[in-house]
Amino acid sequence: MEKQLIEESSKYLMSTYGRMPIVMRKGRGMKVWSSDGKEYIDFLAGIAVNCLGHCHPKVVIALQKQAQRLLHVSNLYHIEPQIELAKILVNNSFADKAFFCNSGTEAVEGAIKLARKYASDHASTEKFEIITATGSFHGRTFASLSATGQDKLKEGFEPLVPGFKHIPFNDIDALEKAITINTCAVILEPIQGEGGIKIPSDNYLKQVRELCDKNETLLILDEIQTGIGRTGTLFAYEHFGIEPDIITLAKGLGSGAAIGAILARDSVAASFKPGTHGSTFGGNPLACAAGLATIETLLEDGFLIDNCNRMGKYFIERLEKLKNDFPDSIVEARGKGLMLGLELTKEGGKVVELCAKRGMLINCTAGNVLRFTPPLIITEQEIDILIVALKDIFKNESF
Ligand SMILES: Cc1ncc(COP(=O)(O)O)c(C=O)c1O
């Protein structure tokens, strides 16, 4: 049965993904089950999507209720869950206004449009340059791909959108040299995710903020992976003592329902006027109901964010111990909250496969960084199970 499904998957779907030979059928909390009944503990959570765990009852009930009430209505009208979701996001962030779309890449596209429109409203159409970091990932559509700092993802798709400059991440001198009065925005991930869980030095984002202010440049933080409690605060910018002008969100926001968002200050958001930007499905009732249930649950009693901090600390301590035990295989353990990476001395793809064989889902990014972004409900017992499996792999397997 599973074999046939995998054959049909290859036959009928474009081969854009390097998929593992597993067909996923069901998820609850920390666990997912494949169509042949095998159980997996999920340390990846859809790559930082299922923050509350799989099929959290509050999200499922919110979706069921909303599906019975109203599935879709156009943005020509006001939409109740969209208003409620915007309100809770604004009341818990630096921002004054929200715009909803359907994915991360769309949120980045929209943020880029907003920054260019703001610059053309307040300065001139010459002020269109955007600076981003090498190693960054901002999405797969044209402007977000142009912003992305990984050449291999762009091959064959040129020409890209003009006006993007790339500088090394965490290098303030490089930004100082690159930024000019014609820079309309700097876009950075507060912690690079796809680039290999790279954390900037404590002062970096503060200095970026200062350079942006000096050059009247907007600071856009791409919080698509770091947002929604992932790093131990609702948004990662809170760790760095700064406020951005715009953030982009997606992934964890809908607990699996497809939703993206742009949050911005009033003064910036004002450059989007009726007709300047929009989306048929953006802010649809179903996705917003899931988003609202997610944020309400996350903020309800502080338990989940607190657990993220406690488990993140426990997890990284265990990874550091692993590094000390296997210095030939492991370079470094790093991360914040439950966005963690283990840099290996070699490619990590085989370790991912060996973990899956043992019933654990992780992934590998930047070639040699094992990535762990589990649901924020994770317990010490589950972390221990993974550490035992990794120990066994580093000790007994060749990869
Ligand atoms: C930081 C960041 N930005 C943008 C994206 C693109 O999001 P999506 O895949 O929803 O388009 C991702 C996805 O991994 C991401 O991690």
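With respect to topology, four strands assemble into an open sheet ordered S1-S2-S3-S13, the strand pairing being mixed. Pairing within the sheet leaves two strands with one partner each, and these edge strands are strand S1 (24-28) and strand S13 (360-361). Of the strand pairs in this sheet, strand S2 (residues 31-34) and strand S3 (residues 39-42) are connected by three bridges, and their pairing is antiparallel. Paired with Val 32 across the strands is Tyr 40, a residue of S3.

Let us look at the layout of surface pockets. Rolled over the atoms, a probe sized like a water molecule indicates the empty space that remains. Estimates place the volume of the second largest pocket at around 750 Å³. Together, 25 residues line the second largest pocket, and Asn 75, Gln 82, Ala 98, Phe 99 and Phe 100 are the ones closest to its centre. Listed by contribution, the elements that provide at least two residues to the lining of the second largest pocket are helix H4 (80-91), strand S4 (97-101) and strand S10 (260-264). Along the lines of polarity and charge, the residues of the lining of the second largest pocket split into 14 nonpolar, nine polar and two charged.

As a further point, take the pattern of salt bridges. One pass over the full model with this rule turns up 19 salt bridges. As a salt-bridge pair, Lys 165 and Glu 129 come within 3.3 Å of each other at their nearest N and O atoms. Of this pair, Lys 165 sits in strand S6 (residues 164-167) while Glu 129 sits in strand S5 (residues 129-133); the two residues are 36 residues apart in sequence, bridging distant segments of the chain. Arg 265 is the salt-bridge partner of Asp 245, the closest N and O atoms lying 3.2 Å from each other.

Attention shifts here to the sheet that holds S5. The strand order across the open sheet built from seven strands is S4-S10-S9-S8-S7-S5-S6, with neighbouring strands paired in mixed fashion. Looking at the sheet topology across the chains shown, the edges are occupied by S4 and S6. Sheet twist, expressed as the mean angle between neighbouring strand axes with direction ignored, is 20°. Note that strand S9 (residues 246-249) and S10 share four bridges and pair antiparallel. Looking across to S10, one finds that Thr 248 is bridged to Ile 262. Packing against the sheet, H4 makes contact with S4, S9 and S10, and its axis sits at approximately 130° to S4.

In this section: the site of the ligand. The immediate surroundings of the ligand are formed by Ser 103, Gly 104, Thr 105, Phe 137, His 138, Gly 139, Glu 189, Glu 194, Asp 222, Ile 224, Gln 225 and Lys 251. Within the backbone of Phe 137, a nitrogen or oxygen atom sits 3.3 Å from a nitrogen atom of the ligand. For the ligand, whose accessible area on its own is 390 Å², the fraction buried by protein is 82%.

All right, on to the packing of aromatic side chains then. Scanning all chains against the criterion turns up seven aromatic pairs. Ring centres 5.5 Å apart and planes at 85° place the aromatic pair Phe 94 and Tyr 237 in the edge-to-face group. Note that Phe 94 is positioned in the loop between H4 and S4 and Tyr 237 in the loop between strand S8 (218-222) and S9, a separation of 143 residues in sequence. Of the aromatic side chains, those joined through ring pairs into one cluster are Phe 43, Phe 315 and Phe 372. The cationic tip of Lys 26 hangs over the ring face of Trp 33; the distance from NZ or CZ to the ring centre is 5.0 Å.

It is worth spelling out the packing of helix H11 (residues 303-325) against helix H13 (residues 380-396) at this point. At a closest axis distance of 10 Å, the pairing of H11 and H13 adopts a crossing angle of 15°. Judged by the angle between their axes, H11 and H13 are roughly parallel. Here H11 and H13 pass one another in a crossing that is right-handed. Across the interface between the two elements, Met 311, Tyr 314, Phe 315, Arg 318, Leu 319, Leu 322 and Asp 325 of H11 pack against Glu 380, Ile 383, Asp 384, Leu 386, Ile 387, Leu 390, Lys 391 and Phe 394 of H13. Class assignment for the residues of the contact of H11 with H13 results in ten nonpolar, no polar and five charged.

About the criteria used
Residues numbered from 1 in each chain as written. Predicted model: local features only at pLDDT ≥ 70, side-chain atom pairs only at ≥ 80, totals over all residues. Heavy atoms only, no water. Pairing = 2+ DSSP bridges. Helix = DSSP H or I, 4+ residues; strand = E, 2+ residues; numbered from the N terminus. 1 Å grid on protein atoms, 1.4 Å probe; cavity = no way out; pocket = protein on both sides within 12 Å on 5 of 7 lines; lining within 4 Å. Points joined across faces, edges and corners; volume = space filled by probe spheres on them. Nonpolar A, V, L, I, M, F, W, Y, C, P; charged D, E, K, R; others polar. Salt bridge = Lys/Arg side-chain N within 4 Å of Asp/Glu carboxyl O. Axes fitted to C-alpha atoms, helices over the stretch in contact; angles between N-to-C directions. Contact = heavy atoms within 4.5 Å. Near = heavy atom within 4 Å. Polar contact = N/O pair within 3.5 Å; in protein donor to acceptor, adjacent residues only side chain to side chain. Areas by Shrake-Rupley, 256 points an atom, 1.4 Å probe, with all protein chains shown as cover. Phe/Tyr/Trp six-rings, centres within 6.5 Å; stacked < 30°, edge-to-face > 60°. Lys NZ or Arg CZ within 6 Å of the ring centre and 35° of its normal. Parallel < 35°, antiparallel > 145°, perpendicular 65-115°, else oblique. Left-handed = near helix turned anticlockwise from the far one by under 90°.

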